[in-house]
Amino acid sequence: MHFRSKLPDVGTTIFSVMSRRALEEGALNIGQGFPDYPIDPRLAEYVQAAITGGHNQYAPMEGSVELRAQIARKLHGSYGVEFDPLSEITVTCGGTEAIFDAIQTVVGAGDEAILFDPAYDVYEPAIRLAGGRAVRIALEPPRFSYDWDEVKRAVGERTRLIIINNPQNPSCTVASRADLDALAGITRDGPITVLADEVYEHVVFDGHEHASVLAHEELRERAFVAFSFGKTLHATGWRTGYCVAPAELTRELRKVHQFNTFSIVAPLQQAIATYVANCPESWQELSAFFEAKRDLFTELLRGSAFQPIKSAGTYFQLVDYGTLSQASDVEFADRLIREAKIATIPLSPFYANPPRMTLLRICLAKRDATIRAAAERLVEFSRNCLERTA
Ligand SMILES: Cc1ncc(COP(=O)(O)O)c(C=O)c1O
């Protein structure tokens, strides 16, 4: 039988490729985005209690009532807006499912969805599986700023969705309120919905506030906003997130969610509801927690040929290796794995048409000891390279 793939050009993600190479070469993996430190022990206790307390059968399709009530409270605390937990909040299998469901809800055969490169890898395959076409707009390093006139020009008759990721992974930049105003101007009066991927809502540095689409009175009326407890609770394996959208959009999203995952792991929802009720400091301290790690890493690289590009948000940091080599980022990342025994993530795979750049992404969600070890290896590699060329 000749099986016709629906995604013939989609291979293994760059995260899996680099993690596999790290294993093969015995390299320290600071590429892929997952913490290497334990979760809050209270969270583990709450899961135990939820399981022994009997929360082991199907949770409600929309998400547990307690968790949705706590999410609504948390959103009010963060953005000063009341959302109805019954009709506007849906618990999903991570931010990924929220994103996938929103795309399936909006995009139909022949429709177009605009997204910005470097783009997180789930958007385009989800658009194509829905029968749509991704229109990818490249943000230019090192600033990665939006050109809203270009976006306006990219909007066509079939445009149904614009996806904005803020804070943005992997550029480590944040959108401003002015960006959101420009986006609102473009979508105003048209049939365009917005999908805001805000899984890093609590990781914004240097005293800035996260400009959430939920705090934007015009945009939130036409937006699906995706969040992740995996990021917020340092528990990426828990695969728990949620989607916030107006009732009309939520009703449609739940039609997809219902036949995709139906409902999310019951004891985890119970545990997260208890944790969100009892431990608000856990996310209120997140920016400071990662900012300290960003500053530690950049300070340790001082004097080396690796130039950090100051991260404005997310738990990632970019470094420029341009003074050491003009090799492609994929080649250079592999060289680092082999020679420095350190695995990073190159940026070009996140573009449809990558511009010339010499940038690698590293993950800050690591113990300080891991960050120190990684920086030491990079500094030593840089020293060796510079000595060889001296
Ligand atoms: C930008 C972005 N969006 C969405 C996700 C997915 O979140 P989750 O792990 O909750 O599915 C990630 C995870 O790395 C991400 O970086």
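Anyway, here's the lowdown on the structure attached to this text. What you see as residue numbers is a count from 1 along each chain, following the sequence as written. Local features are withheld for residues below a pLDDT of 70 in this predicted model, meaning they are given only at 70 or higher, and side-chain atom pairs are given and counted only at 80 or more; totals for whole chains, interfaces and linings count all residues. Side-chain descriptors were evaluated using all non-hydrogen atoms of the structure, hydrogens and water having been removed beforehand.

Things to note about the sheet that holds strand β2 (residues 89-92)
Paired strands are those between which DSSP finds at least two bridges. Segments assigned H or I by DSSP are reported as helices when at least four residues long, segments assigned E as strands when at least two residues long, and all are numbered from the N terminus. Read from one edge of the open sheet, seven strands run β2-β8-β7-β6-β5-β3-β4, paired in mixed fashion. Strands at the two margins of the open sheet, each flanked by one partner only, are β2 and β4 (133-138). When strand polarity is set aside, the average angle formed by the axes of neighbouring strands in this sheet is 20 degrees. The sheet contact formed by strand β3 (residues 112-117) and strand β5 (residues 159-165) spans three bridges and is parallel. Across the sheet, the residue bridging to Ile114 is Ile162, located in β5. Whether two residues are in contact is decided by their heavy atoms, any of which lying within 4.5 Å being enough. Helix axes are fitted to C-alpha atoms over the stretch in contact, other axes to C-alpha atoms as well, and angles between N-to-C directions run from 0 to 180 degrees. Packing against the sheet, helix α3 (residues 65-79) makes contact with β2, β7 (223-228) and β8 (241-244), and its axis sits at approximately 115 degrees to β2.

Comments concerning the site of the ligand
Near the ligand lie 13 residues; those nearest to it are Gly95, Thr96, Asp197, Ser228 and Lys231. Nitrogen and oxygen atoms within 3.5 Å of one another constitute a polar contact, given that in protein one can donate a hydrogen and the other can accept it, and given that sequence-neighbouring residues count only through two side-chain atoms. One of the backbone nitrogen or oxygen atoms of Gly95 is found 2.7 Å away from an oxygen atom of the ligand. A distance of 2.5 Å is found between a nitrogen atom of the ligand and a side-chain nitrogen or oxygen belonging to Asp197. Only the protein chains shown count as cover for residues, with accessible areas throughout obtained via the Shrake-Rupley method and a probe of 1.4 Å. Protein contact buries 93% of the 390 Å² of open area that the ligand shows by itself. With four residues, helix α5 (residues 94-106) is the largest single contributor of residues to the shell around the ligand. Of the residues contributing to the shell around the ligand, the split by class is four nonpolar, six polar and three charged. We call a residue near a molecule or strand when any one of its heavy atoms sits within 4 Å of it. Residues are grouped as follows: Ala, Val, Leu, Ile, Met, Phe, Trp, Tyr, Cys and Pro are nonpolar; Asp, Glu, Lys and Arg are charged; every other residue, Gly included, is polar.

Some remarks on unusual backbone geometry
With the exception of glycine, most residues fall at negative phi, and the peptide bonds are largely trans. Along the chain, Asn166 connects to Pro167 via a cis peptide bond; the corresponding omega equals -10 degrees. Following Asn169, the chain continues into Pro170 via a peptide bond in cis, with omega recorded as 15 degrees. Although it is not a glycine, Arg239 sits at a positive phi angle of roughly 50 degrees. With respect to the helices and strands, the residue Arg239 is situated in the loop between α9 (229-232) and β8. Its relative accessible area of 36% is what places Arg239 among the partly exposed residues. Of note in this structure, Phe262 is not a glycine but carries a positive phi near 65 degrees. Note on exposure labels: buried denotes an accessible area under 20% of the residue type's maximum, exposed denotes more than 50%, and partly exposed covers the range between, all computed with a 1.4 Å probe on protein chains only.

Section: the state of the cysteines
The disulfide definition used here is simple: a pair of cysteine sulfur atoms within 2.5 Å. Here the structure, examined in full by the defined rule, presents zero disulfides. In this structure Cys172 is not part of a disulfide, and its nearest cysteine sulfur, from Cys363, lies 9.9 Å away.

Some points on the pairing of β8
For a regular strand, the rule is simple: side chains alternate between the two faces of the sheet. Burial along β8 is two-sided: Gly241 and Cys243 and Tyr242 and Val244, pointing in opposite directions, are all buried. Looking at chain direction, β2 and β8 are connected through four bridges and run antiparallel. Along β8, the bridge assignment pairs Val91 with Tyr242. Where β7 and β8 come together, four bridges link them in antiparallel fashion. Each residue of the ladder has a partner; that of Ser228, found in β8, is Gly241.

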